[in-house]
Amino acid sequence: SQQGEEDPQALSIQEGENATMNCSYKTSINNLQWYRQNSGRGLVHLILIRSNEREKHSGRLRVTLDTSKKSSSLLITASRAADTASYFCAWMDSNYQLIWGAGTKLIIKP
Amino acid sequence: KAGVTQTPRYLIKTRGQQVTLSCSPISGHRSVSWYQQTPGQGLQFLFEYFSETQRNKGNFPGRFSGRQFSNSRSEMNVSTLELGDSALYLCASSLPKIGPQETQYFGPGTRLLVL
């Protein structure tokens, strides 16, 4: 993608394990956000990290941002079946448009 | 507060027709953005409206247009539909800010199928 990438494309882990997803982008950003999408609840905002921040936590979520490498990661600890969903990173570029990654499909096996 | 609502939820059209999709933002939100989601291209930004004015526009042809009403409700219109317009169209609203919007609250989407 000319805009950026997410990896892995798909991830399947056992319940209770940790899941890590990575996002890379190519432009300068104002902030980077992570969203979750599943059929039940649609697209839901999880966490936002600003360009001058390096790490942020929210419950079982930990997000890091490395602007020098133009990359971010999302860590979900102690995964649950309800975490099964697609996860998207999205970054607000200098034109204040939200550009989206391709997403990581996460499956939590019971 | 009620969430973002979109109507209709599902729509089937034929090539060449036009379609209008509607979005009601969360009460008090003044910014509404539209996105197209397809398996091939993923999520792509269409446009954003704030206080009845288009504030930002993505890279889509002029067949895609939108508007926002004084009550912040928004509509998007696609004219001369093509097969490739088949997608999930998502609307999102944001808290009232003069500056750029950040956290977005999404509706369930309208799934459009063009035959």
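Preceding block: the structure.
What you see is a predicted model; the values in this text were computed from it and never measured. Within each chain, residue numbers correspond to sequence positions counted from 1 in written order. The lettering of chains begins at A and the numbering of ligands begins at 1, in the order of writing. Thresholds applied to this predicted model are a pLDDT of at least 70 for local features of residues and 80 or more for the giving and counting of side-chain atom pairs; totals over whole chains, interfaces and linings are not thresholded and use all residues. Based on all heavy atoms of the structure, the side-chain values leave hydrogens and waters out of the count.

Contacts are assigned to residue pairs with any non-hydrogen atoms lying within 4.5 Å of each other. With 15 residues of chain A in contact, the opposing surface of chain B contributes 15 residues. Each partner contributes to the roughly 1,300 Å² buried at the junction of chain A and chain B, and carbon and sulfur atoms together form 54% of this total. Here the buried area means the combined drop in accessible surface, using a 1.4 Å probe, for two parts upon being joined, counting both sides. Summed over the three residues of chain A that lose the most area to chain B, namely Leu43(A), Gln97(A) and Trp100(A), the buried surface amounts to 37% of that side. In the sections that follow, a salt bridge refers to a side-chain nitrogen of Lys or Arg positioned within 4 Å of a carboxyl oxygen of Asp or Glu. Linking chain A to chain B there are zero salt bridges. Side-chain atoms alone can form a polar contact between residues adjacent in sequence; in general such a contact is a pair of N or O atoms within 3.5 Å, and within protein one must be able to donate a hydrogen while the other accepts it. For the pair chain A and chain B, the interface holds four residue pairs in polar contact (both at pLDDT 80 or more). Counting residues per element, the ones that place at least two in the side of chain A that touches chain B are β4 (29-38), β5 (42-50), β9 (85-93) and β10 (98-100) of chain A. Side-chain classes are defined by residue name, with Ala, Val, Leu, Ile, Met, Phe, Trp, Tyr, Cys and Pro counting as nonpolar, Asp, Glu, Lys and Arg as charged, and the others, Gly among them, as polar. In the side of chain A that touches chain B, the residues fall into eight nonpolar, six polar and one charged. Working definition: helices are DSSP H or I runs of at least four residues, strands are E runs of at least two. Numbering for both runs from the N terminus.

Right, let's get into the layout of surface pockets. Residues are called lining when one of their atoms sits within 4 Å of a cavity or pocket point, these points coming from a 1 Å grid over the protein atoms alone, where a cavity is a set in which a 1.4 Å probe fits but cannot get out and a pocket is an open set with protein on both sides within 12 Å along at least five of seven lines. Grid points are joined across faces, edges and corners, and a volume is the space filled by probe spheres set on the points. The calculated volume of the largest pocket comes to roughly 1,300 Å³. Reported here for the second largest pocket is a volume of approximately 220 Å³. Lining the second largest pocket are 13 residues, with Arg41(A), Leu43(A), Val44(A), Tyr105(B) and Phe106(B) sitting closest to its centre. Within the residue set of the lining of the second largest pocket, elements represented by two or more residues are β5 of chain A together with β10 (105-106) of chain B. Among the elements that take part in the lining of the second largest pocket, β5(A) stands out by supplying four residues, more than any other. Counted by class, the lining of the second largest pocket contains seven nonpolar, five polar and one charged residues.

Moving on, we come to the pattern of salt bridges. Residues and elements named next belong to chain B. Applying the stated rule across the entire model yields eight salt bridges over all chains. Glutamate 82 is paired through a salt bridge with arginine 63; the nearest N and O atoms lie 3.6 Å apart. Of this pair, glutamate 82 sits in the loop between β8 (74-78) and β9 (87-94) while arginine 63 sits in the loop between β6 (53-57) and β7 (64-68), and the two are 19 residues apart along the sequence. A salt bridge links glutamate 75 to arginine 67; its shortest N-O distance comes to 3.2 Å. Given the relative accessible area of 17%, glutamate 75 is considered buried. Overall, the relative accessible area of 47% leaves arginine 67 in the partly exposed class. A single salt-bridge network, built from bridges that share partners, covers Arg63, Glu82 and Asp85. Burial classification: accessible surface area is computed with a 1.4 Å probe over protein chains only, and a residue below 20% of its type maximum counts as buried, one above 50% as exposed, and the rest as partly exposed.

Patch members must show over 30% relative accessible area and no salt bridge, and they are joined within 9 Å when carrying like charges or within 5 Å when they are nonpolar side chains of Val, Leu, Ile, Met, Phe, Trp or Tyr. Here the open area of atoms and residues is found with the Shrake-Rupley method and a 1.4 Å probe, where only the protein chains shown may cover a residue. A cluster of nonpolar side chains, Ile12(B), Leu113(B) and Leu115(B), forms an exposed patch at the surface whose accessible area comes to about 300 Å². One can find Leu115(B) in the segment after β11 (110-114).

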